Amino acid sequence: MPVDYTRLSDPNAEYTMRDLSAETMGVTAERGGGRDVEITDVQTTLVEGTYPWTLVRIYTDAGVVGTGEAYWGGAVPELIDRMQPFLVGENPLDVDRLYEHLVQKMSGEGSIGGTTIHAISGIEIALNDLAGKILDVPAYQLLGGKYRDEVRVYCDLHTEDEADPQACAAEADRVVSELGYDAIKFDLDVPSGHEKDHANRHLTEPEIDHKAEIVRATTERVGDRADVAFDCHWTYTGGSAKRLSEAVEPYDIWWLEDPVPPENHDVQREVTQSTATPIAVGENVYRKHGQRRLLEEQAVDIIAPDVPKVGGMREGRKIADLADLYYIPVAMHNVASPIGTMASAQVGAAIPNALAVEYHSYELGWWEDLVEEDGLIEDGSMAIPEKPGLGLTLDMDVVAEHMVDGETVFDPA
């Protein structure tokens, strides 16, 4: 028999300081106007896309459902099941309180970061979709209103030979010319053939020369037709990151992403402040609390939170507000399905300092088919729907077709 995660004991239940439920907080006033709604269930379904996307659905006694997405990873569906009892009976319009309620209830189970926050983020996105539908407003309206009708999208690119500078340049040219993107990104932590040790994070001079050649070939090929960023996936030592950043300074690079591991902000600050190359960081730093030092100490040039990973839509808005205090733009990391991508775009519409949202599935032919709406990304931009909530409707036939083996589709709405 599989474990029923909804029935695990809750040792913290007796401590009201860790319980922000409506009952404990005395949130009992009738609201009227169709706003007296209760959550009845929370479900997940895993879809095998570019990543195993964790889709989340919240059901209510009003027959209205909200759909969200949690960043992929093992145990995320189980964590969402674990939190279901903390949500049933609650009013989904209290998005902030329910977010903090889950953080508090899961504080003993890792809600500082990691997969617990992935799970809470997916729930929070579904709550925003649901609240928008109940109130009949788009999700961006819940975040304060709109700065722009569409959000720029940058496309994460790959080639069959990612270590070949000319292959990267050719793919960049094709995507810009044929697909209409004016913002792209390549991985830079690719094999060069000069590696000496895969554990010590040190870059030799031939390795740096190879990476600089990828940057040179790609940026020169696209010229001023597109911005080009490069991702290092938190791979190098501080010294190697400084040398690499200096080596690519002569080229027109949009940003260098995650050149060092995320745990030590002091090293990150030193790298960023040592170079004229713009440095972007943020997908592995959780909630506004984790981003705070990066921003206060100006250890980044561009902050790059992942909305379905680091805290959800309202937390994304709060991170953007912190960044705006230091005049730092926001480029949202994203590897999600259309659901998580639109959640990030809705945040991008509502904040002044949005640069772009990542799109990581240009080679996946059915990405857009997951929802009923067409034309999600056109000419390198994502238009913000005026429909309530996220403005997207899951195509359940496509969901069922691409589910991870052993999964079951959502209950009908």
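Heads up: the structure comes first, above all this text.
Because the structure is a prediction, the values reported are computed rather than measured. (Residues numbered from 1 in each chain as written. Predicted model: local features only at pLDDT ≥ 70, side-chain atom pairs only at ≥ 80, totals over all residues. Heavy atoms only, no water.)

**Student:** An account of the overall build of the chain is needed here, citing residue identities and associated values.
**Tutor:** Tallying secondary structure elements over the chain gives 14 helices and 13 strands in all. Its C-alpha radius of gyration of 22 Å places the chain within 12% of the 22 Å reference for a compact globule of 413 residues. Expressed as lengths along the three principal axes of its C-alpha atoms, the size of the chain is roughly 65 × 45 × 45 Å. For the chain, the residues scored as buried account for 55% of the 413 residues in total. For the chain, the accessible area works out to roughly 16,700 Å², and carbon and sulfur atoms hold 47% of it. (Helix = DSSP H or I, 4+ residues; strand = E, 2+ residues; numbered from the N terminus. Rg over C-alpha atoms; globule rule 2.2 N^0.38 Å. Buried < 20%, exposed > 50% of the residue type's maximum accessible area, 1.4 Å probe, protein only. Areas by Shrake-Rupley, 256 points an atom, 1.4 Å probe, with all protein chains shown as cover.)

**Student:** Now, about the nonpolar core: what can you tell me, with residues and values included?
**Tutor:** Counting 81 residues, the largest nonpolar core has Ile 184, Phe 230, Leu 244, Ile 303, Met 313 and Leu 370 as its most contacted members. No other element matches helix α13 (residues 338-350), which puts 7 residues into this core. Listed in part, the 29 residues of the second largest apolar core include Ile 39, Ile 80, Leu 93 and Ala 126. (Core = buried A, V, L, I, M, F, W, Y, C linked by side-chain atoms within 4.5 Å.)

**Student:** Which residues make up the packing of aromatic side chains, and what values do they have?
**Tutor:** Summed over all chains, the structure comprises 8 aromatic pairs. Here Tyr 154 and Trp 255 contribute two aromatic rings whose centre-to-centre distance is 5.1 Å and whose plane-to-plane angle is 90 degrees, an arrangement assigned as edge-to-face. Of the two residues, Tyr 154 sits in strand β4 (residues 150-156) while Trp 255 sits in the loop between α8 (238-247) and β7 (256-257), which places them 101 residues apart along the sequence. Taken individually, Tyr 154 and Trp 255 each receive the classification buried, so the pair is uniform in this respect. Of the aromatic side chains, those joined through ring pairs into one cluster are Tyr 51, Tyr 71 and Trp 72. Above the plane of the ring of Phe 410 lies Arg 57, whose end atom (NZ or CZ) is 5.4 Å from the centre. When the ring centre of Tyr 71 is taken as reference, the NZ or CZ atom of Lys 309 above it lies at 4.4 Å. (Phe/Tyr/Trp six-rings, centres within 6.5 Å; stacked < 30°, edge-to-face > 60°. Lys NZ or Arg CZ within 6 Å of the ring centre and 35° of its normal.)

**Student:** Run through the sheet that holds strand β1 (residues 39-48), naming residues and quoting values.
**Tutor:** The strand order across the open sheet built from 3 strands is β1-β2-β3, with neighbouring strands paired in antiparallel fashion. Only two strands of the sheet have a single neighbouring strand rather than two, namely β1 and β3 (65-70). Averaged over all neighbouring strand pairs, the angle between strand axes comes to 20 degrees, with direction disregarded. Bridge analysis of β1 against strand β2 (residues 52-60) gives 9 bridges, and the strand direction is antiparallel. Bridged to Ile 39 within β2 is Thr 60. Packed on one face of the sheet, helix α4 (residues 115-135) meets β1, β2 and β3 and runs near 150 degrees to β3. (Pairing = 2+ DSSP bridges. Axes fitted to C-alpha atoms, helices over the stretch in contact; angles between N-to-C directions. Contact = heavy atoms within 4.5 Å.)

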